[in-house]
Amino acid sequence: MSADLANDIRITLPDGSVRTTTRGSTGAQIAASIGAGLAKAALAVKLDGELKDLDLPILSDAKVQIITRKDPEALELIRHDCAHLLAQAVQELYPGTQVTIGPVIEDGFYYDFARNEPFRPEDLTVIEAKMRELVARDLPTKRTVWDRDKAAKHFLDLGEVYKAEIIRDLPKDEEVRVYYHGDWHDLCRGPHLMSTGKIGTAFKLTKLAGAYWRGDAKNAQLQRIYGTAWRDDKELGVYLHRVEEAEKRDHRKLGREMDLFHIQEEAVGQVFWHPNGWTLYRTLENYVRRKITKGDYREVKTPQLMDRKLWEESGHWENYRPNMFIAEVDEGEHKEKRMLAVKPMNCPGHVQIFKQGLKSYRDLPLRLAEFGSCHRYEPSGALHGIMRVRGFVQDDAHIFCTEEQIIPETERFVKLLSDVYRDLGFDTFSVKLATRPTPRAGREEDWDRAESTLELACHRIGIPFTINAGEGTFYGPKLEFVLRDAIGRDWQCGTIQIDYVLPERLDAEYVAEDGTRKRPVMLHRAILGSLERFTGVLIEHFAGKFPLWLAPVQAVVATIVSDADGYADEAVAALRAAGIRAEADTRNEKINYKVREHSLAKVPYLLVAGRREAEQRTLAVRRLGSEAQENLALTEVISMLTREAAPPDLRV
RNA sequence: GCUGUUGUAGCGUAGUGGUAGCGCAACGCCUUGGUAAGGCGUAGGUCGUGGGUUCAAUUCCCACCAACAGCACCA
């Protein structure tokens, strides 16, 4: 026991053991007292759950964990240090470049710089080499605490106006810390590794991009350099391999290879669906159509072009005019030109249908669904394959209901949506509640009610959700449904939105039980979102290897000898008669060639017909992804494929 | 929309101030071959579009269009 209790502190290690040590001991010293190996491996220390510098004096009792390269926290530390390293390298190579911020992101880090001259892709190699040189020099880290005004002036004098702005905006009670890595220094909250050598070499600069200061398009645009960093080369290799694999599933690449669709300059942002792609699309659409029909939706179709007046009433003209396609029609010399808008949404049209004839509370909830073709003038930079386009179709529906019906309708919808997602090969999804944005339409009390209703609905259904603050639509809050695909990427697809605004603006009403006229509430909802985008998601999720019911070409009957051609044609006809999308390949090619080609085209079943098969009326069945073959009678093949090709909602 | 990069045959690419090659695919002929590329041959390009510089532009310059990456946007 130490003689001086006032100078001792008690630290608790992760294994639960408690040690007494001198007040002011550092994580490094504690690590050394545990063992030389740990001291060497130590990167940082976690005090009561917070990451700190290894040389920070510990002043009071605390739970202490020494962080080494093996801990998951190491990644964050390494990446943060990499960001600094990048900034240091850039400032050494390109004096006069201002530093701004450099956070850790998923898989890596970035740093935003202000520099008049643009960085070139070739510069990345040079910068990365400089970074490696700084690591090799093993520059020691030093933490200093500055007076706020002095720090602000210091950075301003250096011409670092962004850093000065950051200091000015730091919370008043926060220490202004400046870290030195050798001679170079940067304003930073920390913590940092004790020297540049600890970063290791498993990093790589990946891309170059423009990015707005503080994420606001009104501000100056900075130059961002992205990098990835890992604990060791093996992890880096795994990451790079993962990126490659993601590239292989790119729907734009597969769309071309599998002859699904194309896009060309004369119709930017719109899809030319090829027969194969359109088969996939229709299979998906028909499936959803069956699901919503069973779910008591009524399908409708509304006009593509509607008068400006309607869009003014709905509020879209005011909120989205620049993003709408406009058509002007000259109706004759004496009349004014009439202005129509190509519909960017289906809701105003559905309200028009609702308003035909007087509706009773008995008609509610009324669920009007439409595979609504919409056009939006998306900014050029937003376009991406078939995932983000200017012409698309939503699996849209609007539920006209009473206030009391919102929660049951939401429950009903979530049930339907989870069925669909499961059928399509996605086992789980997450939910986000997007709350009121600015600017917005409608009364505050309606927003209060709408938000809490959605929250309540989630509790009732028993689904966890996170809040997406300020991300609601201009007319109401929404639930967003996010899918996770086969390689862990998230896709926001489904949505349900409460809307009190549009029924009022477009004057929708119904007769209540007491004979008075009331406003219905409108629920906007979609399961897939855009069919174009969802098809893209499916392509990437399955990497083009669709389950049989979705595959555009389900089977190819390939012949070995031309004597089997007649039988192959017969087999294809029989398969088609049974509803299988089959094709014959009777080309003058060897079977090896055909196997390779159809395997690359991702055809699920290859049915080989040689002389033997033709005589015995069988087929050699080879399933995509397997080298095994099985000889089955044609009739057996047909019944097997028919069973497997049934859409999930029609399986017995 | 902003920043950067790119644009050569259906796809993937090489190349140059003196009007373009290669591979795959396509087409034709030979080959009838038993489960991931058989052989030979043929055809296909106003080098994204429009201007400019030049004796000469696909190459150099400018503008526009489009694609790609990121940012911003996504009713």
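Fair warning: this is a prediction, and the values are worked out from it, not measured in the lab.

**Student:** Looking at this structure, how should I read the domain arrangement of chain A?
**Tutor:** A common way to state how big an interface is: give the accessible area lost once the parts meet. Each domain of chain A was delimited in the assignment, giving domain 1 (5–67), domain 2 (73–247), domain 3 (274–302 + 343–541) and domain 4 (555–650). Relative placement of domain 2 and domain 3: their C-alpha centres are 42 Å apart.

**Student:** Just checking my understanding: could you explain the packing of helix α9 (residues 275–294) against helix α16 (residues 531–542) for this structure?
**Tutor:** How two helices sit against one another is set out by the angle between their axes and by the gap between those axes. Here α9 crosses α16 at 110°, and the two axes come no closer than 10 Å. Considering their axes alone, α9 and α16 lie roughly perpendicular with respect to each other. Within the contact between the two elements, α9 uses L280, Y281, L284 and E285 and α16 uses L531, E532, F534, T535, L538 and I539. Counted by class, the contact of α9 with α16 contains 7 nonpolar, 1 polar and 2 charged residues.

**Student:** Explanation requested: the sheet that holds strand β28 (residues 490–499) in the structure shown.
**Tutor:** Sheets are built from strands that pair by backbone hydrogen bonding, the pairs being arranged parallel or antiparallel. Spatial ordering of the open sheet is given by β18-β23-β24-β31-β28-β27-β25-β26, a layout of 8 strands whose pairing is mixed. A strand with exactly one partner marks an edge of an open sheet, and here the two such strands are β18 (298–299) and β26 (466–468). Pairing geometry for β28 and strand β31 (residues 521–530), over 5 bridges, is antiparallel. Its bridge partner being in β31, I496 is matched across the sheet by R525. Each of β23 (366–375), β24 (391–401), β25 (429–434), β27 (478–484), β28 and β31 is contacted by helix α13 (residues 406–423), which is oriented at about 10° to β31, the strand it contacts most. Against the sheet, α16 engages β23, β24, β27, β28 and β31, with an angle of about 40° to β31.

**Student:** I tried to follow the side chain of H181 on my own but got confused; where do I start?
**Tutor:** Among the structural elements, H181 can be located in strand β12 (residues 176–181). In this structure, H181 is in contact with H84, Q88, L139, P140, T141, H192 and T196, ignoring residues within four places of it in sequence.

**Student:** What am I meant to see in the nonpolar core here?
**Tutor:** One recurring pattern in soluble globular proteins is that nonpolar side chains are buried together. Membership of the largest hydrophobic core comes to 61 residues, with the highest contact counts inside it found for Y421, L424, F481, L528, F534 and F546. Sorting elements by how many residues they give to this core places α13 first, with 7 residues. Discounting chain neighbours no more than four positions away, the residues touching F546 are M258, L280, L538, I539, A551, P552, P604 and R623. Formed by 33 residues, the second largest nonpolar core is a distinct cluster that contains A74, F109, L139 and L205.

**Student:** Would you explain the environment of A202 in this entry?
**Tutor:** The topology assignment puts A202 in the loop between β13 (184–187) and β14 (203–212). A sequence separation of 28 residues divides A202 from W230, and the C-alpha atoms of the two residues are 5.4 Å apart. Among all residues touching A202, those that are not within four sequence positions of it are T228, A229, W230, R231, D232, D233 and L236.

**Student:** Explain the protein's contact with RNA strand B to me, please; I cannot follow it from the model alone.
**Tutor:** Taken together, the neighbourhood of RNA strand B is formed by 55 residues, with R120, Q221, I560, N588 and R622 sitting nearest. Sugar plus phosphate: this is where 51% of the atoms of RNA strand B within 4 Å of the protein reside. Residue G210 places a main-chain N or O atom 3.2 Å away from a sugar or linking oxygen belonging to RNA strand B. Separating a phosphate oxygen of RNA strand B from a side-chain N or O atom of R256 is a distance of 3.5 Å. At the level of elements, β14, β15 (221–229), α8 (251–257), α11 (316–320), α18 (591–600), α19 (611–616) and β35 (618–623) are the ones that each hand at least two residues to the surface near RNA strand B. The dominant element in the surface near RNA strand B, judged by the number of residues it contributes, is α18, at 7 residues. Looking at the surface near RNA strand B residue by residue, the classes come out as 22 nonpolar, 17 polar and 16 charged.

**Student:** Please clarify how the layout of surface pockets should be interpreted in this entry.
**Tutor:** When its volume is computed, the largest pocket comes out at roughly 1,300 Å³. Lining of the largest pocket is provided by 37 residues; of these, R376, E378, Q394, K478 and Q497 occupy positions nearest its centre. Mapped by element, the contributors of at least two residues to the lining of the largest pocket are α11, β24, β28 and β31. A per-element tally of the lining of the largest pocket places β31 first, with 6 residues. Considering only residue class, the lining of the largest pocket consists of 16 nonpolar, 14 polar and 7 charged. In this structure, the second largest pocket occupies an estimated 840 Å³ of space. In terms of lining, the second largest pocket is formed by 32 residues, of which the most central are H80, C188, R189, G190 and P191. Those elements that place two or more of their residues in the lining of the second largest pocket are β5 (50–52), α3 (73–93), β11 (141–146), α6 (161–169), β12 and β13. Among the elements that take part in the lining of the second largest pocket, α3 stands out by supplying 4 residues, more than any other.

Reading guide: rules and limits
- Residues numbered from 1 in each chain as written.
- Chains lettered and ligands numbered in written order.
- Predicted model: local features only at pLDDT ≥ 70, side-chain atom pairs only at ≥ 80, totals over all residues.
- Heavy atoms only, no water.
- Domains from an automatic or database assignment.
- Axes fitted to C-alpha atoms, helices over the stretch in contact; angles between N-to-C directions.
- Helix = DSSP H or I, 4+ residues; strand = E, 2+ residues; numbered from the N terminus.
- Parallel < 35°, antiparallel > 145°, perpendicular 65-115°, else oblique.
- Contact = heavy atoms within 4.5 Å.
- Nonpolar A, V, L, I, M, F, W, Y, C, P; charged D, E, K, R; others polar.
- Pairing = 2+ DSSP bridges.
- Core = buried A, V, L, I, M, F, W, Y, C linked by side-chain atoms within 4.5 Å.
- Buried < 20%, exposed > 50% of the residue type's maximum accessible area, 1.4 Å probe, protein only.
- Near = heavy atom within 4 Å.
- Polar contact = N/O pair within 3.5 Å; in protein donor to acceptor, adjacent residues only side chain to side chain.
- 1 Å grid on protein atoms, 1.4 Å probe; cavity = no way out; pocket = protein on both sides within 12 Å on 5 of 7 lines; lining within 4 Å.
- Points joined across faces, edges and corners; volume = space filled by probe spheres on them.

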